[in-house]
Amino acid sequence: MNITVCFDKLDPAPWVQGLQAALPQARVSAWTPGAAAADHAVVWAPPQRFVDEQPGLQTLFNIGAGVDALLKLRLPAGLQVVRIDDAGMSVQMAEYVTQAVIRHFREFDAYAADTQAGRWSYRKPRSRADFPVGVMGLGVLGARVAQALRVFDYPVNGYSRSPKALEGVRCFAGPEQLGDFLQASRILVNLMPLTPETENILNRATLSQLRPGGYLINVARGHHLVEEDLIALIDGGQLAGATLDVFRQEPLPAEHPFWHHPNITVTPHTSARTLREESIAQIAGKILARQRGEPIRGVVDAQRGY
Ligand SMILES: NC(=O)c1ccc[n+]([C@@H]2O[C@H](COP(=O)([O-])OP(=O)(O)OC[C@H]3O[C@@H](n4cnc5c(N)ncnc54)[C@H](OP(=O)(O)O)[C@@H]3O)[C@@H](O)[C@H]2O)c1
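Since we're looking at a predicted model, the values are computed, not measured.

Rules used throughout
- Residues numbered from 1 in each chain as written.
- Predicted model: local features only at pLDDT ≥ 70, side-chain atom pairs only at ≥ 80, totals over all residues.
- Heavy atoms only, no water.
- Pairing = 2+ DSSP bridges.
- Helix = DSSP H or I, 4+ residues; strand = E, 2+ residues; numbered from the N terminus.
- Axes fitted to C-alpha atoms, helices over the stretch in contact; angles between N-to-C directions.
- Contact = heavy atoms within 4.5 Å.
- Phe/Tyr/Trp six-rings, centres within 6.5 Å; stacked < 30°, edge-to-face > 60°.
- Buried < 20%, exposed > 50% of the residue type's maximum accessible area, 1.4 Å probe, protein only.
- Lys NZ or Arg CZ within 6 Å of the ring centre and 35° of its normal.
- Near = heavy atom within 4 Å.
- Polar contact = N/O pair within 3.5 Å; in protein donor to acceptor, adjacent residues only side chain to side chain.
- Areas by Shrake-Rupley, 256 points an atom, 1.4 Å probe, with all protein chains shown as cover.
- Core = buried A, V, L, I, M, F, W, Y, C linked by side-chain atoms within 4.5 Å.
- Expected span 1.5 Å × (residues − 1).
- Arc of directions from axis to C-beta.

Here's the deal with the sheet that holds strand β4 (residues 59-62)
Part 1: Taken together, the five strands give an open sheet; going across it, the order is β2-β1-β3-β4-β5, and neighbouring strands pair in parallel fashion. The sheet is open, and its two edges are formed by β2 (27-30) and β5 (80-82), each paired on a single side. The average undirected angle you get between the axes of adjacent strands in this sheet is 20°.
Part 2: In the sheet, strand β1 (residues 2-7) pairs with β2 via four bridges, with the strands oriented parallel. Bridging from a neighbouring strand, Ile3 pairs with Val28 of β2.
Part 3: Sheet strands touched by helix α1 (residues 13-22): β1, β2 and β3 (40-44). Its angle to β2, the strand with the most contacts, is close to 175°.
Part 4: Against the sheet, helix α9 (residues 276-291) engages β1, β3, β4 and β5, with an angle of about 160° to β4.

Okay, structure coming up:
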């Protein structure tokens, strides 16, 4: 069995080593143009040339959860695309989102500014009931985030494509329930995949349906958000602010207004990182399961786009 590793802007060597140790019976190598045909590939943003030169591939393992960039390539019919299925990402995402919700709800940024200025100040406690959190996307990451928010007693709403039932979460599904979901939420967390249906879904029309003083946490993809609409809604006082981990252009350009906006917190696409050891163990396990003819999780439906 041949396994090839093809990464853009990321050193493949530790992955080659780790996969080789996990699958001693396989031949694992980093892809170079003209390399021998492989059975499986482990990829991050591979070039079209890679796919064209490897028509015999059975499986393409993407080392992230989002496959929007990969699905833009011309892929042969029958090639199975498999995304990372948690492997330590959901706990990081739960951690990131709960910190952003708590920081906003408890006004920790305002306290930090006061303590920085040497001021001992108190703010009136807010009621959790006034801060329902809406989680858009109830998949591997969104479900874990919703569960984590429940631990802190926030009212939690959830939105997905197909109907879901999650304990303690008021679930909405499909475009016909999007308005009700938004109107029931004050803090909005985006954890949907980027697909033609979800591109630009965070815009003036949708964000202005949040309860007054709404707050956006975007941790999915930059192209979900119409950035100028967000700024206009915050500057107009309709939204309180945002925490953003993903952007239409990454790295975020130095002159972008998000950097210095007082109500926007920016992080560099770091809310849930791929953990190498966990991911290698997952991919190796799936290659072996596939050889035994067993079904595997995380297979992408190219038609659906995630
Ligand atoms: N910032 C970061 O560091 C980072 C890290 C990892 C992932 N991400 C992003 O997070 C996204 C979510 O990851 P995941 O593993 O949770 O994905 P997932 O398991 O595929 O879950 C996606 C969820 O979104 C819902 N959804 C998809 N299209 C929808 C639509 N048109 N309307 C309403 N709901 C829709 C799905 O509904 P159904 O349940 O009905 O299918 C599902 O609940 C990834 O695609 C990636 O872009 C970001």
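Some remarks on the environment of His260
Part 1: Following the sequence through the fold, His260 ends up in the loop between β11 (239-244) and β12 (264-266).
Part 2: It is 33 Å that separates the C-alpha atoms of His260 and Phe7, two residues lying 253 residues apart in sequence.

Focus on the packing of aromatic side chains
Part 1: Enumeration according to the criterion identifies eight aromatic pairs in this entry.
Part 2: Measuring from centroid to centroid gives 6.5 Å for Phe108 and Tyr111, while their planes differ by 50°, and the two rings are tilted. In this pair, Phe108 and Tyr111 both sit in helix α4 (residues 108-116), three residues apart, roughly one turn of the helix.
Part 3: Classification of Phe108 by relative accessible area gives partly exposed; the value is 35%.
Part 4: Aromatic side chains Tyr159 and Phe181 sit 5.3 Å apart centroid to centroid with 25° between the ring planes, which places their arrangement in the stacked category. Taken together, the residues span a long stretch of sequence, with Tyr159 in strand β7 (residues 156-160) and Phe181 in helix α6 (residues 178-183) at a distance of 22 residues. An identical accessibility class is assigned to Tyr159 and Phe181; each is buried.
Part 5: Taken together, the aromatic side chains of Phe105, Phe131 and Tyr154 make up a single cluster linked through ring pairs.
Part 6: Here the guanidinium or amino end of Arg128 rests over the ring plane of Tyr154, the centre of that ring lying 5.2 Å away.

What about the site of the ligand?
Part 1: Contacts to the ligand come from 31 residues, most closely from Arg83, Leu141, Ser162, Lys164 and Tyr306.
Part 2: The side chain of Ser162 places a nitrogen or oxygen atom 2.5 Å from an oxygen atom of the ligand.
Part 3: Contact between the ligand and Lys164: an oxygen atom at 2.6 Å from a side-chain N or O atom of the residue.
Part 4: Protein coverage of the free-state accessible area of the ligand, which is 940 Å², stands at 93%.

A look at the sheet that holds β7
Part 1: Taken together, seven strands build an open sheet; the order of strands is β8-β7-β6-β9-β10-β11-β12 and the sheet is parallel. Edge positions in the sheet fall to β8 (169-173) and β12, since each of these pairs with one other strand and no more. Each strand of the sheet is rotated relative to its neighbour by a mean of 15°, with strand direction disregarded.
Part 2: In the sheet, strand β10 (residues 214-218) pairs with β11 via five bridges, with the strands oriented parallel.

A look at the nonpolar core
Part 1: With 46 residues, the main nonpolar core has Val42 and Ile283 as its most contacted residues.
Part 2: Going through the elements one at a time, β1, α1, α3 (89-105), β6 (133-136), α5 (140-151), β9 (187-190), β10 and α9 are the ones with two or more residues in this core.
Part 3: Excluding residues within four positions of it along the chain, Val42 makes contact with Ile3, Thr4, Val5, Cys6, Phe7, Trp15, Leu19, Phe61, Ile63 and Ile283.
Part 4: Phe181, Leu202, Leu207 and Leu230 belong to the second-largest nonpolar core, a separate cluster that totals 26 residues.

Brief notes about α5
Given 3.6 residues to a turn, an α-helix orients residues that are three or four positions apart in the same direction.
Part 1: For α5, built from 12 residues, the straight-helix expectation of 16 Å at 1.5 Å per residue is met to within 8% by its first-to-last C-alpha distance of 18 Å.
Part 2: Every buried residue belonging to α5 is among Leu141, Gly142, Val145, Ala146, Ala148 and Leu149, and all of these are buried. For α5, the angular spread of the buried residues around the axis is 165°, confining them to a single face. Of the residues in α5, the exposed ones pointing more than 90 degrees away from the buried face are Gln147 and Val151.
Part 3: Contacts from the buried residues of α5 go to α3, β6, β7 and β8.
Part 4: Immediately downstream of α5, the backbone of Asp153 shows phi near 65°, a positive value.

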